[in-house]
Amino acid sequence: LAQTDPRVTAGALTGSMAVDSGDKWSDIDVAFGIADGITPEAVLDDWTQVVDREFSVLDHFDLPSGSSIYRVFLLPSGLEVDVAVTPAQEFGARGPNFRSLFGTIQQLQATPPPSASYLIGLGWHHVLHARSCIERTKPWQAEYWISGIRDHIFALACLRLGENAIYARGIDRLPNSVTDPLADALVRSLDEPELRRSLAVATTCLIAELERWNPTLCARLSPLLQEFGAPQTET
């Protein structure tokens with residue numbers, strides 16, 4: 001693209017791309033550090049014109065993250081192309097899949113994973129809200145919270161076992177002893193008994209993960225979690 005129209009790199013002091021093993025389902029990630037006096041939006045607009053002209057973009061959207069803006073393009077083939085722009089003084093590697101193409105990059109701290117205390121808090125929060133939604137006959141909202149419980153348990157397990165906890169990147173490397181019980185926490189229908197069943201399974205798995213992280217905290221939380229997460233029968 002730079003050979004097609006040099007405007008796409010105008011104002012860029014540094015450039016990089018994300019690399020990993022890749023396959024036919026991978027997207028393309030490129031990033032630029034933008035010189036002082038050049039607005040990141042102007043660079044993105046140039047990229048948008050060129051990518052659209054060359055590949056007939058179906059749609060795109062912007063994803064702000066800190067000082068960076070990611071413009072995410074969808075091509076007719078289904079390929080996703082992510083173009084990121086960041087002020088040059090804040091441009092550098094925040095993860096292992098970063099390869100510098102030109103210019104000087106800054107030494108930055110890696111993007112931190114979510115903290116265990118944050119994920120644990122979201123876990124018990126979601127149990128309470130899932131139960132209240134079941135009692136209020138809000139099945140879709142209940143399903144949303146139950147699925148969230150499962151996701152946060154996966155993230156906690158990733159942290160504990162040294163896998164990447166961001167965007168579920170390490171989930172499929174977790175052992176079956178972690179993942180198999182959580183398969184039963186999938187919500188199979190919006191019927192009330194099924195919502196109560198899946199909430200009970202998710203709550204049991206959350207308690208098991210809490211026990212591995214902090215037995216003292218688990219002992220404090222377990223009675224309330226069991227009360228709110230246990231299936232209830234009509235009398």
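Going by the structure above, here's the rest.
A brief report on the enclosed structure follows. As the structure is a prediction and not an experimental result, all values here were calculated from the model.

**Topic: the pattern of salt bridges**
- Scanning the entire structure with this criterion turns up 11 salt bridges.
- Between Arg-173 and Glu-163 there is a salt bridge, with its nearest N and O atoms 2.8 Å apart. Highlighted residues: Arg-173 in the loop between helix 3 (139–161) and helix 4 (176–183) and Glu-163 in the loop between helix 3 and helix 4, separated in sequence by 10 residues.
- The structure contains a network of salt bridges with shared partners spanning Arg-131, Glu-135, Glu-192 and Arg-196.

**Structural notes on unusual backbone geometry**
- The phi dihedral of Tyr-167 falls on the positive side, at around 55°, and the residue is not glycine.
- On the secondary structure map, Tyr-167 appears in the loop between helix 3 and helix 4.
- Using a relative accessible area of 70% as the deciding quantity, one classes Tyr-167 as exposed.
- At Ala-168, a position not held by glycine, the phi torsion is positive, near 65°.
- Take Ala-168: it is sitting in the loop between helix 3 and helix 4.

**Structural notes on the nonpolar core**
- Membership of the largest hydrophobic core comes to 34 residues, with the highest contact counts inside it found for Ile-149, Leu-199, Leu-206, Leu-210 and Leu-225.
- Those elements that place two or more of their residues in this core are helix 2 (116–135), helix 3, helix 4, helix 5 (192–213) and helix 6 (215–229).
- Ranked by the residues each element gives to this core, the list is headed by helix 3, at 10 residues.
- Contact partners of Leu-206, with chain neighbours within four places excluded, come to Gly-123, Trp-124, Val-127, Ile-149, Ile-153 and Leu-225.
- Judged by nonpolar contacts, the second largest core, of 14 residues, contains Phe-32, Trp-47, Val-51 and Leu-75.

**Comments concerning the pairing of strand 2 (residues 28–34)**
- Summarising burial for strand 2: 5 of the 7 residues are buried, a large majority.
- Bridge count between strand 2 and strand 5 (residues 80–87): 7 bridges; the pairing is parallel. From the neighbouring strand, Phe-32 faces strand 5, where its bridge partner is Val-85.

**Structural notes on a nonpolar patch on the surface**
- Among the surface-exposed residues, Phe-61, Leu-63 and Tyr-70 lie close enough to one another that they form a single nonpolar patch of about 290 Å² accessible area.
- Turning to its location among the elements, Phe-61 is positioned in strand 3 (residues 59–65).
- Among the residues examined, Phe-61 registers a relative accessible area of 48% and is labelled partly exposed.

About the cut-offs
Residues numbered from 1 in each chain as written. Predicted model: local features only at pLDDT ≥ 70, side-chain atom pairs only at ≥ 80, totals over all residues. Heavy atoms only, no water. Salt bridge = Lys/Arg side-chain N within 4 Å of Asp/Glu carboxyl O. Helix = DSSP H or I, 4+ residues; strand = E, 2+ residues; numbered from the N terminus. Buried < 20%, exposed > 50% of the residue type's maximum accessible area, 1.4 Å probe, protein only. Core = buried A, V, L, I, M, F, W, Y, C linked by side-chain atoms within 4.5 Å. Contact = heavy atoms within 4.5 Å. Pairing = 2+ DSSP bridges. Patch = residues over 30% accessible without salt bridge, like charges linked within 9 Å, V, L, I, M, F, W, Y side chains within 5 Å. Areas by Shrake-Rupley, 256 points an atom, 1.4 Å probe, with all protein chains shown as cover.

By themselves, these observations are geometric and do not establish any function.
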